[in-house]
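Commentary on secondary and tertiary structure
Single-letter residue listing:
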Amino acid sequence: MEFKDYYAVMGVARDASAEQIKQAYRKLARKYHPDVSKEADAEARFKEIGEAYEVLRDPQKRAAYDQLGSGPPPGQQFRPPPDWDSGFEFSGAGHPGPGEEQEFAYRGDASEFFETLFGRAGFAGARPRQRERGEDHHARVTVDLEASLEGGTRTLTLRVPEVGADGRPRLRERTLNVKIPRGILAGQHIRLAGQGETLAGATQPGDLFLEVAFAPHPLYRPDGRDLQFELPVAPWEAALGATIAVPTPAGPVELRIPAGSKAGTRLRLRGRGLPAQPPGDLYAILQIALPPAGSDAARAAYQAFAAAVPFNPRAAPGA
Amino acid sequence: MTSSQTTVIVGQILEQGEALSLEQLGALSGARAAQLLELVAEGVLEVITPAPPRFAGSALRRARLAVRLQRDLELSTAGVALVIELLERIELLERRLAR
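This structure is a prediction, so every number in the text was calculated from the model and none was measured. (Residues numbered from 1 in each chain as written. Chains lettered and ligands numbered in written order. Predicted model: local features only at pLDDT ≥ 70, side-chain atom pairs only at ≥ 80, totals over all residues.)

Quick word on the overall build of chain A
Defined as follows: Helix numbers and strand numbers start at the N terminus; a helix is a DSSP run of H or I with at least 4 residues, a strand a run of E with at least 2. Partly exposed residues are those falling between the two cut-offs: more than 12 but fewer than 20 other C-beta atoms within 10 Å of their own, whereas 20 or more means buried and 12 or fewer means exposed, with C-beta atoms placed from the backbone.
Helix and strand content of chain A: eight helices and 11 strands. Relative to its full complement of 319 residues, chain A shows a buried share of 25%.

Structure representation (structure tokens):
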């Protein structure tokens, strides 16, 4: 088992005060919290930090941990000495205040090192309760946009924390075939009744809630219930107006481009966005594509155009 | 395809279901009732009806985010409100940038 140097994880000295540890935690949590961080390994780092803080914030756990010294020499496996924790009492209630449901985000996903030392009871707020109903579980899933456009079944793999026979938490992979409701939007939740925690002795399992996000789509970008896409048009289509076939999720439709359209113009196709209730709209954002002057004919046409139409694109104020 | 063992689970969109009571939103988000009411007072969560408070299903996402921020970053309710506002502004700007 790998020894975890919680002081190194938090970047504090071994004799750091409780206040210093708290400050270090806050600083690191702001940097690595998965909800606010852009760091690639934010989730893993935040778990590590949360685990270190869980031990170092609690005077009893910290004292017990300090007994272990600074771990074995590099490259050697760590094994806790027998009775390493005698004389310490872990109440498991170091932190949670009035709200007993307070738990750390990494619950169920602690390192082997932490579990060996502190076990399940080491988790703040995790205390055995007699419950009628299993807990609800939450997970975030990413599906393709077509799942919402058309509805359909998708195979999702979730990592589910559960308590093993030895009383320690672990992660289990669970594969589910879920019917994605047509018209679901990013950020909405699918409620799967009875698919949450199944508790021995409880009469009712909990529910499973899936928060939906969309994988990037090659054409459409969702914005709530609306969709938008870039529609390239030729300069003469934008200048003179045209009726062109454009793709929509429900199949191509004819779209009228008004004469004098500029790049960036948003044209709305009402009701052709995500099939929510009410359905969203589809926006075509005009992009003006220039034909390359790759042939003699094209070059001649550009030259004739330049001669016929006096035009200074930098005539606008400030240019 | 011969007879397949595959079971397909069908669920509902929570946000399209009935409004959530304070207790229901609390159970779903892990927030205490007092915490939810503070979030309402700060404008983080909107109620459909004030008394008794009932919430649209769309409140769940924000409530869960608020609980995580409050617990992990030890933020005050006002701090949570500011963080959520800024996160949503970043999200909006990033969407615009992707255009």
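Following the structure, the description resumes.
Some words on the interface of chain A and chain B
Note the threshold: The contact rule is simple: place each C-beta atom from the backbone, and if two of them lie within 7 Å, those residues are in contact. Note on pairing: two strands pair once DSSP finds at least 2 bridges between them.
With 31 residues of chain A in contact, the opposing surface of chain B contributes 28 residues. Among the secondary structure elements, those contributing two or more residues to the side of chain A that touches chain B are helix H2 (18–32), strand E3 (169–180), strand E4 (189–192), strand E5 (208–214) and strand E6 (221–223) of chain A. Pairing of E4(A) with strand E2 (residues 12–13) of chain B involves two bridges; the strand directions are antiparallel. If you follow Arg191(A) over to E2(B), its bridge partner there is Gln12(B).

A closer look at the sheet that holds strand E11 (residues 282–288) of chain A
Residue and element names in this part refer to chain A. As a reminder of what qualifies: To define axes, lines are fitted to C-alpha atoms, for helices over the stretch in contact only, and angles between the resulting N-to-C directions are given on a 0 to 180 degree scale.
Across the sheet, which stays open at both edges, the four strands sit in the order E6-E7-E11-E10 with mixed pairing between neighbours. Both outer strands of the open sheet, E6 and strand E10 (266–269), are each paired with one neighbouring strand and no more. Pairwise comparison of adjacent strand axes, ignoring direction, gives a mean angle of 30° for this sheet. Summarising the sheet, E10 and E11 pair through four bridges and their orientation is antiparallel. In the strand pairing of E11, Leu269 is matched with Leu282.

Some details on the sheet that holds E4(A)
The strand order E1(A)-E5(A)-E4(A)-E2(B) describes an open sheet built from four strands, whose pairing is mixed. Looking at the sheet topology across the chains shown, the edges are occupied by strand E1 (137–143) of chain A together with E2 of chain B. Direction of pairing for E1(A) relative to E5(A): parallel, over a ladder of seven bridges. Residue pairing in the sheet places Thr142(A) in a bridge with Ala213(A) of E5(A).

Let's talk about the environment of Asp207(A)
Residue and element names in this part refer to chain A. Along the polypeptide, Asp207 turns up in the loop between E4 and E5. Overall, the presence of 22 C-beta atoms within 10 Å leaves Asp207 in the buried class. The contacts of Asp207, once residues within four sequence positions are left out, are Asp136, Arg191, Leu192, Ala193, Gly194, Gln195 and Gly196.

Digging into the pairing of strand E9 (residues 253–257) of chain A
Residue and element names in this part refer to chain A. Where strand E8 (residues 242–246) and E9 come together, five bridges link them in antiparallel fashion. Considered in E9, the bridge of Thr243 is made with Arg256. In sequence, E8 turns back onto E9 through a hairpin of six residues, with Gly251 there showing a positive phi of about 115°.

A few points about the confidence of the model for chain A
Residue and element names in this part refer to chain A. So the rule is basically this: pLDDT expresses, on a scale from 0 to 100, how confident the predictor is about each individual residue.
Looking at chain A as a whole, its pLDDT mean stands at 82, while 80% of the residues score no less than 70. The spread of mean pLDDT over the elements of chain A runs between helix H5 (residues 112–118), the lowest at 75, and E11, the highest at 96. Counting interchain partners and residues more than four positions distant, the pLDDT-below-50 stretch residues 91–108 has 43 contacts. Across residues 121–128 the pLDDT falls below 50, and counting only partners more than four positions away or on other chains, this stretch makes 30 contacts in the model.

Details of the packing of helix H3 (residues 59–73) of chain B against helix H4 (residues 77–97) of chain B
Residue and element names in this part refer to chain B. This is how the line gets drawn: To sort the angles, those under 35 degrees are grouped as roughly parallel, those over 145 as roughly antiparallel, those from 65 to 115 as roughly perpendicular, and the leftovers as oblique. Crossings are assigned a handedness: left-handed for a near helix turned anticlockwise from the far helix by less than a right angle, right-handed for a clockwise turn.
Running from amino to carboxyl end, H3 crosses H4 at an angle of 120°, the nearest separation of the two axes being 10 Å. Relative to H4, the element H3 lies oblique. Where H3 crosses over H4, the handedness of that crossing is right-handed. Along the contact surface, H3 presents Arg62, Leu65, Ala66, Leu69 and Gln70, while H4 presents Val80, Val83 and Ile84.

Overview of unusual backbone geometry
Across residues other than glycine, the phi torsion is negative in most instances, and most of the peptide bonds are trans. Put simply, Gln277(A) and Pro278(A) share a cis peptide bond, and its omega is -5°. For Pro278(A), the position within the fold is in the loop between E10 and E11. Cis geometry marks the peptide bond from Ala51(B) to Pro52(B); its omega dihedral reads -5°. Residue placement: Pro52(B) occurs in the loop between helix H2 (33–41) and strand E4 (54–55). Positive phi, close to 55°, is recorded for Glu74(B), a residue that is not glycine. With respect to the helices and strands, the residue Glu74(B) is situated in the loop between H3 and H4.

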